[in-house]
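A structural walkthrough
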Amino acid sequence: MNHCIAIASGKGGVGKSAITANLGAALSRLGRKVVLIDADIGLRSLDALLSLENNVVYDIIDLTSGDCELNNALLASEAYPGLYLLPAAQFRRAKALDPKQLRKILSLLRIFYDYILIDCPAGIERGLRNVLNAGVDDTILVTTPDDISLRSAERALQVIESKFLPRPRLIVNRLDADLVHSSEMMSARTVSEVVDLPLLGEIPEDQVFCRAMLRHSMLLSYQCEARSAFMRIAARLEGRTVPFPSYGQKAKTTRLQRFLSRRPKEVIPLDDH
Ligand SMILES: Nc1ncnc2c1ncn2[C@@H]1O[C@H](COP(=O)(O)OP(=O)(O)O)[C@@H](O)[C@H]1O
Ligand SMILES: [Mg+2]
């Protein structure tokens, strides 16, 4: 049984593309054949995240327009055997992606791949709707643990529900265990209760994202906390029961640690003299 999953959010910049790339890589490490589709038409990023930007010749719009064959447009990751990319067009608009044509491509890809992960554009407009209308099985909603991102996720959820798709599973990204512990950031569990969606994964804020990008490699290639988070999410997608670390929630701290992580005092501007 293969899975075709759209990865969506309301707000941009919450980590959809980073999650699509690394989750795909994690599933390929578990021996699965995975194709990533960059559906962020006009703002593609997965080609760069997979270090394949110099290999792009044809893109998804060339494919849906019948200007090339599937094999011409698909790119294979060198670092992750079993991982493939169908890149987005860089100089086209969302309306260029015809959901009926995309549906045909998805049916074809289902024959060859265990997972099809679609990186959706941010927002709740045509770009997202084109993907949801193309016959995906499931959706993952990505949010960061803040009110603005949550509010946008709730709007995206309404769009997903209007398409009669199953309730999405939630990934909470960029968690800071210290801030969660000092109640200055919502925990992943709280976020999942607020939006009333089942939690698929929680990913910590991790500097390795930035370092990996600078080295033109993927975060998953480095031993770090976020890598473990992706491997856990991949295992859950495979149907395994994997415990949640609950960043910041269960941490036991010493009196000294509590003293050092006190809330910062507000900065009160000095009066002009
Ligand atoms: N958990 C994280 N820790 C640190 N940086 C992150 C994390 N998740 C994403 N980022 C960074 O945030 C930025 C936006 O991520 P991106 O995947 O492009 O978001 P989106 O696709 O939702 O617009 C990127 O620079 C990415 O490396
Ligand atoms: Mg993106």
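Now for a look at the structure at hand. (Residues numbered from 1 in each chain as written. Chains lettered and ligands numbered in written order. Predicted model: local features only at pLDDT ≥ 70, side-chain atom pairs only at ≥ 80, totals over all residues. Heavy atoms only, no water.)

**Details of the pairing of strand S5 (residues 115-119)**
One face of the sheet, then the other: side chains in a regular strand alternate in exactly this way. Of all five residues in S5, five are buried; the element is thus mostly enclosed. Side chains of S5 alternate between two faces, with Tyr 115, Leu 117 and Asp 119 and Ile 116 and Ile 118 buried alike. Pairing of strand S1 (residues 3-8) with S5, which is carried by five bridges, proceeds in the parallel orientation. Bridge pairing in S5 links Ile 7 to Asp 119. Summarising the sheet, strand S2 (residues 34-38) and S5 pair through five bridges and their orientation is parallel. Note that in S5 the partner of Leu 36 across the bridge is Leu 117. (Buried < 20%, exposed > 50% of the residue type's maximum accessible area, 1.4 Å probe, protein only. Helix = DSSP H or I, 4+ residues; strand = E, 2+ residues; numbered from the N terminus. Pairing = 2+ DSSP bridges.)

**Structural notes on the site of ligand 1**
Neighbouring ligand 1 are 14 residues; Gly 13, Lys 16, Ser 17, Ala 18 and Asn 173 lie closest to it. At 3.0 Å from an oxygen atom of ligand 1 is found a main-chain nitrogen or oxygen belonging to Gly 15. Within the backbone of Ala 18, one N or O atom sits 2.8 Å away from an oxygen atom of ligand 1. When isolated, ligand 1 has an accessible area of 560 Å², and the protein chains bury 74% of it. Counting only elements with at least two residues in the shell around ligand 1, the list comes to helix H1 (16-29), strand S7 (169-175) and strand S8 (199-204). It is H1 that provides the largest number of residues to the shell around ligand 1, a total of three residues. Per-class residue counts for the shell around ligand 1 are five nonpolar, five polar and four charged. (Near = heavy atom within 4 Å. Polar contact = N/O pair within 3.5 Å; in protein donor to acceptor, adjacent residues only side chain to side chain. Areas by Shrake-Rupley, 256 points an atom, 1.4 Å probe, with all protein chains shown as cover. Nonpolar A, V, L, I, M, F, W, Y, C, P; charged D, E, K, R; others polar.)

**Thoughts on the sheet that holds S8**
Ordered in space as S3-S4-S2-S5-S1-S6-S7-S8, the eight strands form an open sheet in which the pairing is mixed. Both edges of this open sheet fall to strand S3 (75-76) and S8, since each of them pairs with a single strand only. Its contacts with the sheet put helix H5 (residues 99-112) on S1, S2, strand S4 (83-86) and S5, and the angle it makes with S5 is roughly 145 degrees. Of the strands in this sheet, S1, S5, S7 and S8 touch helix H11 (residues 225-237), which is tilted by about 170 degrees from S8. (Contact = heavy atoms within 4.5 Å. Axes fitted to C-alpha atoms, helices over the stretch in contact; angles between N-to-C directions.)

**Structural notes on the packing of aromatic side chains**
In this description, a pair of aromatic rings is defined by centroid distance and the angle of the planes. Under the counting rule described, the total for this entry stands at two aromatic pairs. The interplanar angle of 70 degrees and the centroid separation of 5.5 Å between the aromatic rings of Tyr 84 and Tyr 113 together place this pair among those described as edge-to-face. With Tyr 84 in strand S4 and Tyr 113 in the loop between H5 and S5, the pair connects residues that are 29 residues apart, well separated along the chain. Classification of Tyr 84 by relative accessible area gives partly exposed; the value is 23%. (Phe/Tyr/Trp six-rings, centres within 6.5 Å; stacked < 30°, edge-to-face > 60°.)

**Quick look at the side chain of Thr 64**
On the secondary structure map, Thr 64 appears in helix H3 (residues 60-64). By relative accessible area, which is 9% here, Thr 64 ends up buried. There is a polar contact of 3.2 Å between the side chain of Thr 64 and the backbone oxygen of Ile 61. With residues up to four places along the chain from it excluded, the contact list for Thr 64 reads Ala 96, Leu 97, Gln 101, Leu 102 and Ile 105.

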